[in-house]
Amino acid sequence: MKNSIPKKTHALNLRCRDKGTPKVDGKTEFEHFLYWYENTVKSGTIPFYLADITTGTGSKLYKIKDVTWNGQKYKQVSFTLEED
């Protein structure tokens, strides 16, 4: 029965600027997100701390899953955050 409580998940959409938009530190918003996703959280294998989505106070450990994106000038990034 240990750890039998299902983990909460949150489906999110993120809109990032990409092609044809100004760059900051040589990268667009989407390129910054992609760098963070691939190098910091290792494509969702490493959990990270984020402000608690439910209460907005404190922080919780989350894992990012099911990341997809589409669009050209603006990328619509869809993903799921699961409490770890």
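That block above? That's the structure.
Residues numbered from 1 in each chain as written. Predicted model: local features only at pLDDT ≥ 70, side-chain atom pairs only at ≥ 80, totals over all residues. Heavy atoms only, no water.

Asker: Just checking my understanding: could you explain the sheet that holds strand E1 (residues 9–17) for this structure?
Answerer: With antiparallel pairing, the four strands of this open sheet are ordered in space as E1-E4-E3-E2. The sheet is open, and its two borders are formed by E1 and strand E2 (48–51), each paired with just one other strand. Here the average twist between neighbouring strands, direction ignored, is 50 degrees. For E2 and strand E3 (residues 59–70), the ladder comprises four bridges, and the chain directions are antiparallel. (Pairing = 2+ DSSP bridges. Helix = DSSP H or I, 4+ residues; strand = E, 2+ residues; numbered from the N terminus. Axes fitted to C-alpha atoms, helices over the stretch in contact; angles between N-to-C directions.)

Asker: Explain unusual backbone geometry to me, please; I cannot follow it from the model alone.
Answerer: Comment: phi is negative for the bulk of residues other than glycine, and the bulk of peptide bonds are trans. The phi dihedral of Asp-25 is positive, around 55 degrees, even though this residue is not glycine. Structurally, the position occupied by Asp-25 is in the loop between E1 and helix H1 (29–40). Of the residues examined, Asp-25 reaches a relative accessible area of 72% and is grouped as exposed. Its identity is not glycine, yet Lys-42 carries a phi of approximately 50 degrees, on the positive side. Residue placement: Lys-42 occurs in the loop between H1 and E2. We classify Lys-42 as partly exposed; its relative accessible area is 41%. (Buried < 20%, exposed > 50% of the residue type's maximum accessible area, 1.4 Å probe, protein only.)

Asker: Is there a simple way to explain H1 in this structure?
Answerer: An α-helical turn contains 3.6 residues, so a residue and the one three or four places further along point in the same direction. Between the first and last C-alpha of H1 there are 16 Å, a value that for 12 residues agrees with the 16 Å anticipated at 1.5 Å per step. Residues Phe-30, Phe-33, Leu-34 and Tyr-37 constitute the buried set of H1. The buried residues of H1 occupy one face: seen down the axis, they fall within an arc of 95 degrees. In the core, the buried residues of H1 are packed alongside E1, E3 and strand E4 (74–83). Following H1 by one or two positions, Lys-42 has its phi on the positive side, about 50 degrees. (Expected span 1.5 Å × (residues − 1). Arc of directions from axis to C-beta. Contact = heavy atoms within 4.5 Å.)

Purely geometric stuff here, so don't read any function into it on its own.
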